[in-house]
Amino acid sequence: MNTFLTKLKLPSLLKSPTFSFTFHFSTFSPQQYHQQQPVTNKAYWTNKIHHLCTKHRDVDEALRLLDILCLHGYHPDSLNLSSIIHALCDSNRFAEAHHRFLLSLTSHLIPDERTCNVLIARLLHSKTPHSTFCLIRSLLDVKPEFVPSLTNFNRLIDQFCAVLRVDIAHRLFFYMKSKRQFPNAVTYTTLIQGYIRIGDLGDAFKLFEEMRDCGVFPNSLTYSVLIRGVFRKRDVVFGMKLMEKLWERMKDEKEDPAVNAAAFSNLIDCLCKEGYFNEVFRIAESMPQAKSVSEEFAYCHMIDSLCRAGRNHGASRVVYLMRKKGFLPSLVSYNCIIHGLCKEGGCMRAYQLFEEGIEFGYLPSEHTYKVLVEGLCRESDIHKAREVLNFMLNKNGMDRTRICNIYLRAICLMNHNPTELLNILVSMLQNQCRPDVITLNTVINGFCKMGRIEEALKVVNDMINGKFCAPDVVTFTTVFRGLLDVGRTQEALHVLNQVMPERGFKTGIVTYNAVLHGLFKTQHADEAMGVFNCMVNEGVTANSTTYAIVVNGLCQSGQIEEAKKFWDDVIWPSQIHDDFVYAAILKGLCHAGNFNQACHFLYELVDSGVAPNIVSYNIVVDKACKLGLKKEAYQIVGEMTKNGLEPDAVTWRILEKLHADVRKTFFTEDPLLYSGVKK
């Protein structure tokens, strides 16, 4: 037995990240370890190990104690092994649990049949069927009379089917029969499902026939599994016949209600996954399963399956049928439908459901409220959006400021309703709902997007003067963008160079990027480069976004040589560059007519160990096609594939355009040939 515990402990504990085995434990006796108890007090030590594993959840300490005991003559038993295995599984250390069980077998510590089945059932939670099967085979080598329980066989077959090893599962099926462990409906259904998963409908039906020949009656779940396979093969007629048999089987009083519910769920999931939505609606209207499945459960599952299939309008139709019969949908399902409708552009139907849901206590989640008001604002239905806002504000426990902030952000999507922004701000003040800095930044951003820069500046001045909360960096960054968008460059630079420092704000890279983008956009390249130099002098490190903005701006202002120099002197030495920077340089070179330089730059990147993405290659291919350079275009595509990239849809569309232009030129130059082709 000492050999067993030495083997049990040493190999695996050396691998454990939570415990480093050292031999100094052997210098202590069990009496020194705890309360002077002798090694022969087996009941005490078994209880102690069990408590360490269960109550204290410290399996490593239990292993330490067991090791000490074994070195002093303790003989472990199946109770000790069981405690250790369960504790390792609870810690998600299934590989070690398998390993320790195997070592116990080699050390002739063999639990009784019941304990073996319990431990195998526990190890099956690992969902590693190969490891568990190897363990069972080792157990049978030392204990030939052992027969795994039917439940364990079924679970193991299911796990092999889940990893598409149906061949092993079927051999296991034959083996259990040879051990006189006769399969039941669960066994057959599991194996049939395995064949359905790999698309072998023929063998699935052979098993189905064998099942009945062996006196095992198929249950409703068996039929639903077969129906899934038949519909997957698009055999609708046969699938409908099987569905009729399924309804008959489900109406059998002997059928377990839980099995019926599982069969119904499996059928609805199958119909939604395979696209037979009209059949789902037919079932919702006729309820052919009768009383075998609760109608409320059936409706709820149909809603869930339709939502997961992206059929939110269909789910709302089921809700209508459900309410006609006096049932109420779960609030979670109802929320999913409204959320899904908003995401797919059905916000008007979502609003209708929202109004109907109020009658039975529906309250949208914060995220659903967000997508609902955003959808309504995109549809320019400000009245309905305001109704949703008022409903949310009247509910207890809501963060009213946050609710208003979400609504304000939705209003900004409209880009033409500054009055509503001011109305909400005034309403918040009148109702003791204090606007925070996010509220005010959202309002300022909305004004800037709508071109109402004066109103934005007024709000900023009120913040600076203490009428509202103090501005932050986001406030000033938003103002920069607004001023630069309307061409008020000097005012933007004044805010950057004077107002922000006076308020104690240190300009960060995000703010600098916004300023640079705005300056280049308004054709103030010299001022932009001045801001960039100032940024560097202040110790702010540029990122790849900064470099992409600068390169793109220089190229758009016609300063190609400066952009190339900027790459050579600043970007490449910094080692801060990405695909956006490469794309900006390539685009600038191509637009300036420097196709050869663009190709040279692209190949130079590759030679330097950089792997440009497909966008960079497409830019150069597009330029080659526009110049009619067919050979060069295909040469670039060839280089792209050599570097591990495959042409995407954009690449093929560019090449197709090249061939279309060639055909057009060809027929234009030879109208006689064109007329001949038409004939």
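The rules behind each value
- Residues numbered from 1 in each chain as written.
- Predicted model: local features only at pLDDT ≥ 70, side-chain atom pairs only at ≥ 80, totals over all residues.
- Heavy atoms only, no water.
- Helix = DSSP H or I, 4+ residues; strand = E, 2+ residues; numbered from the N terminus.
- Rg over C-alpha atoms; globule rule 2.2 N^0.38 Å.
- Buried < 20%, exposed > 50% of the residue type's maximum accessible area, 1.4 Å probe, protein only.
- Contact = heavy atoms within 4.5 Å.
- Areas by Shrake-Rupley, 256 points an atom, 1.4 Å probe, with all protein chains shown as cover.
- Phe/Tyr/Trp six-rings, centres within 6.5 Å; stacked < 30°, edge-to-face > 60°.
- Lys NZ or Arg CZ within 6 Å of the ring centre and 35° of its normal.
- Salt bridge = Lys/Arg side-chain N within 4 Å of Asp/Glu carboxyl O.
- Polar contact = N/O pair within 3.5 Å; in protein donor to acceptor, adjacent residues only side chain to side chain.
- Expected span 1.5 Å × (residues − 1).

A. Summary view of the overall build of the chain. Counting its secondary structure elements, the chain contains 38 helices and zero strands. Rg of the C-alpha trace for the chain: 36 Å, well past the compact-globule value of 26 Å for 679 residues, more than 25% over. Structurally, the chain occupies a C-alpha span of about 90 × 75 × 75 Å along its principal axes. Going through the 679 residues of the chain one by one, you find that 49% of them count as buried. Long-range contacts, defined as pairs at least 24 residues apart, comprise 63% of the intrachain contacts of the chain with a sequence gap of at least 6. For the chain, the computed accessible surface area is about 33400 Å², with 53% contributed by carbon and sulfur atoms.

B. Geometry of the packing of aromatic side chains. Going through the model one piece at a time under the given rule, you end up with 21 aromatic pairs. Between Trp567 and Tyr582 the ring centres are 6.2 Å apart and the planes differ by 75°, which places this aromatic pair in the edge-to-face class. Separated by 15 residues along the polypeptide, Trp567 in helix 32 (residues 560-574) and Tyr582 in helix 33 (residues 579-591) bring together distant segments of the chain. Side by side, Trp567 and Tyr582 carry an identical accessibility label, which is buried. Three or more aromatic residues joined by ring pairs make a cluster, and in this case those are Phe205, Phe208, Tyr223 and Phe238. The ring of Phe133 is capped by Arg137, whose NZ or CZ atom sits 5.8 Å from the centre of that ring. The ring of Phe281 has Arg317 sitting right over it, with the charged end atom 4.3 Å from the ring centre.

C. Broad picture of the pattern of salt bridges. Under the defined criterion, the tally for this structure stands at 35 salt bridges. One salt bridge connects Arg323 with Glu359, and the closest N-O pair in it is separated by 3.6 Å. Of this pair, Arg323 sits in helix 18 (residues 312-324) while Glu359 sits in the loop between helix 20 (347-358) and helix 21 (366-378); the two residues are 36 residues apart in sequence, bridging distant segments of the chain. Judged by relative accessible area, Arg323 falls into the partly exposed class, the value being 29%. For Glu359, a relative accessible area of 63% translates into the label exposed. Where salt bridges share partners, they join Asp60, Arg93, Glu96 and Arg100 into one cluster.

D. Here's a closer look at helix 7 (residues 113-123). Taken as a whole, helix 7 has its buried residues at Thr115, Cys116, Asn117, Leu119, Ile120, Arg122 and Leu123. Next to the buried residues of helix 7 lie helix 5 (78-90), helix 6 (94-106), helix 8 (129-142) and helix 9 (150-162). The backbone nitrogen of Arg114 lies 3.1 Å from a side-chain oxygen of the residue at the head of helix 7, namely Asp112.

E. Molecular detail of helix 31 (residues 544-556). A rise of 1.5 Å per residue sets the reference length of helix 31, with its 13 residues, at 18 Å; its end C-alpha atoms lie 18 Å apart and thus fit the reference within 8%. Counting buried positions over the 13 residues of helix 31 gives 10, a clear majority of the element. When helix 31 is considered as a whole, its buried residues turn out to be Ser544, Thr546, Tyr547, Ala548, Ile549, Val550, Val551, Gly553, Leu554 and Cys555. Elements that come into contact with the buried residues of helix 31 comprise helix 29 (509-521), helix 30 (525-537), helix 32 and helix 33. The opening residue of helix 31 is Asn543, an N-cap whose side-chain oxygen sits 3.1 Å from the backbone nitrogen of Thr545. Note on helix 31: the residue one or two positions beyond its end, Gly558, has a positive phi of about 80°.

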